[in-house]
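# Coordinate inspection notes
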Amino acid sequence: MSTPDVSVIVAVYNTMPYLTSCLDSLVGQSIGLDRLEVVAVDDGSTDGSAAELDRFAERYPGTVTVLRQPNSGGPAAPSNRALDHARGRYVFFIGSDDHLGPEALERLVGAADRWDSDVVLGRMVGTNKRYVHQAVYASTQEEVDLFGGDLAWSLSNTKLFRRDLIERHGLRFREDLRMGSDQPFTLEACFRARRISVLADYEYYYAVKRDNAQNITYASRFEERLRCAEELVGFVVDLIEPGPRRDAILLRNFSWEVAKLLQREFLALDPDAQQKVHDRIRKLAEAYLTDGIVARLAPDLRLRLVLARDAGLDRLRDLVGQQFDKTLPEVVVEEGRWYAHYVGFRDPSLGYPDEWYDVTDQAAKVMVKLTATALAWGRDAAGARVLVVTAQSRWAALATLGAEAVRISVGELAGVSSVTAGGPGTVVRTDFALDQLLAVVAPSGERRAVRAEVTALGGTGTSPVRTDRRISAPRLLARHGVRFYLVTPTTNHKGQVIVAITPVTPRRFLARLRRIWPSGGK
């Protein structure tokens, strides 16, 4: 029996009907059945996946091999068993709810042979709103560095591996981890590889988020995620010597696996559980959160992690609450920079630098969130009818920017705005000329949202103008040319201010008359 070029390993547990698409994409590969081996392990499925595997094995004998075992609780054990049976020069792992582009394996194997690569990444894309980090797929590269680029942020096992590399170093999946078991495998494979390549010229791999959201990453529990974070950090520490190379990998672990434990769901835990989580994260941070990692962390993650290391639970809880609130806390504006009063700001006991609290790049995005307080009809200086939209901003700094920094629009039509201090904060008044509103409306009428745009401090923010209570102006009958329209300024079910413009046709006019004077009435 000849050696196949590539063995595709599929760990299967209850993934119908996605499994059918996965297997179809494998047996339909342009590389050809004679160069391909599919090793699928049924991990105790109960939904018909076993029967579907049997159907493909019967239809493609010599290509599709099915192994069975009781449910193990994760993909690691079935993947390891499949590795023990794989015969190909290369091994490729695919999730049983995902699928490949038709030419994926032929292109991947060709690149590995051409460049003598031990690991090859093919561009992955997400479907059904599945997130896939894209930075590493920016361009095709014959050789990438594990420590100097974006590869550390893409450590799933969905890659092509030279099987000799795997067997020479005895690489297998961590069966004690229900989630994240592929990351140590992939990391060590890349660490040991002579060459790692990236192909960005084709959509090789389609990662699917199931409609029932039961992919193991999405369904995992909090305790499992915490333990996964600890184990992954520990694995990196054991594998790589201290220094910049270790920091490059731990930056990913602290940013994703650790910091994401301190989000809104953390606040929903009971106090004892919060304390345990805090204690365990503090232990990791005290041991491995180096100055080099801190300097490269995203600003919000940096503050969260250093406070978890340096402060008590109450202050950490307060910070998480602040960061996941929809509005900024109080700010200080100095020399054109905005500094937010997040926990620890200018606290001498912590000594964090002001730049950690710099939110200047967010200023436009927060100032643009206006609350409408009134809708009314008025007249401009020439006596023409105008719609007046009055809104309030909590930020007094908006008034100092002037009206030229603010654009309020209905569709593509910008109104004439003025900004004045008051409220407290800033009051924004915008006039829309009625004849201009009617001039740009479609003959069939439209419902248009009122939107705000603010340009400030090098940034631009846009947002619908909203209200915290229902407001409206009287419906107005107006003529434009030979047509009549009803213009209704009001709010929709989302609290957004809208202007509804409806043409008055003879049929609508008669229908309105019938509602006013019903048949048989006086």
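Before going into details, it helps to say that this report is about the structure given with it. These numbers come from a predicted model, not from an experiment.

## Here's the deal with the packing of aromatic side chains
Going through the model one piece at a time under the given rule, you end up with 13 aromatic pairs. Pairing Phe93 with Phe161 gives two aromatic rings, centres 5.9 Å apart and planes at 70 degrees, and the pair type is edge-to-face. Of this pair, Phe93 sits in strand E4 (residues 90-95) while Phe161 sits in strand E8 (residues 160-162); the two residues are 68 residues apart in sequence, bridging distant segments of the chain. Like Phe161, Phe93 is buried. Seen from their ring centres, Phe147 and Phe191 are 6.3 Å apart, and the 85 degrees between their planes marks the pair as edge-to-face. Pair noted here: Phe147 is in the loop between strand E7 (124-127) and E8 and Phe191 is in helix H6 (residues 182-192), with a separation of 44 residues, a long-range link. Of note, Arg107 hangs over the ring of Tyr202, and the distance from its end group to the ring centre comes to 4.2 Å. Across the ring face of Trp115, the terminal group of Arg114 is positioned such that the distance to the ring centre comes to 4.9 Å.

## Let's talk about helix H3 (residues 76-85)
With 7 of its 10 residues buried, H3 lies for the most part within the structure. Of all the positions in H3, only Ala76, Ala77, Pro78, Ser79, Asn80, Ala82 and Leu83 are classed as buried. In this fold, the buried residues of H3 make contact with strand E1 (6-12), strand E2 (36-43), strand E3 (64-69), E4, helix H5 (163-168) and H6.

## Things to note about a positive patch on the surface
Judged by side-chain charge, Arg264, Lys326, Lys369, Arg451, Arg466 and Lys494 come together as a positively charged surface patch. Here Lys369 shows up in the loop between helix H15 (363-367) and strand E13 (371-379).

## Some remarks on the packing of helix H11 (residues 271-288) against helix H13 (residues 299-310)
For the pair H11 and H13, interaxial distance at closest approach is 8 Å and the crossing angle is 100 degrees. Looking at the two axes, H11 sits roughly perpendicular to H13. Where H11 approaches H13, its residues His278, Ile281, Arg282, Ala285 and Glu286 are matched on the opposing element by Leu305, Ala308, Arg309 and Asp310. Looking at side-chain class alone, the contact of H11 with H13 contains 4 nonpolar, 1 polar and 4 charged residues.

Criteria and thresholds
- Residues numbered from 1 in each chain as written.
- Predicted model: local features only at pLDDT ≥ 70, side-chain atom pairs only at ≥ 80, totals over all residues.
- Heavy atoms only, no water.
- Phe/Tyr/Trp six-rings, centres within 6.5 Å; stacked < 30°, edge-to-face > 60°.
- Helix = DSSP H or I, 4+ residues; strand = E, 2+ residues; numbered from the N terminus.
- Buried < 20%, exposed > 50% of the residue type's maximum accessible area, 1.4 Å probe, protein only.
- Lys NZ or Arg CZ within 6 Å of the ring centre and 35° of its normal.
- Contact = heavy atoms within 4.5 Å.
- Patch = residues over 30% accessible without salt bridge, like charges linked within 9 Å, V, L, I, M, F, W, Y side chains within 5 Å.
- Areas by Shrake-Rupley, 256 points an atom, 1.4 Å probe, with all protein chains shown as cover.
- Salt bridge = Lys/Arg side-chain N within 4 Å of Asp/Glu carboxyl O.
- Lys, Arg positive; Asp, Glu negative; His and termini not counted.
- Charge placed at Lys NZ, Arg CZ, Asp CG, Glu CD.
- Axes fitted to C-alpha atoms, helices over the stretch in contact; angles between N-to-C directions.
- Parallel < 35°, antiparallel > 145°, perpendicular 65-115°, else oblique.
- Nonpolar A, V, L, I, M, F, W, Y, C, P; charged D, E, K, R; others polar.

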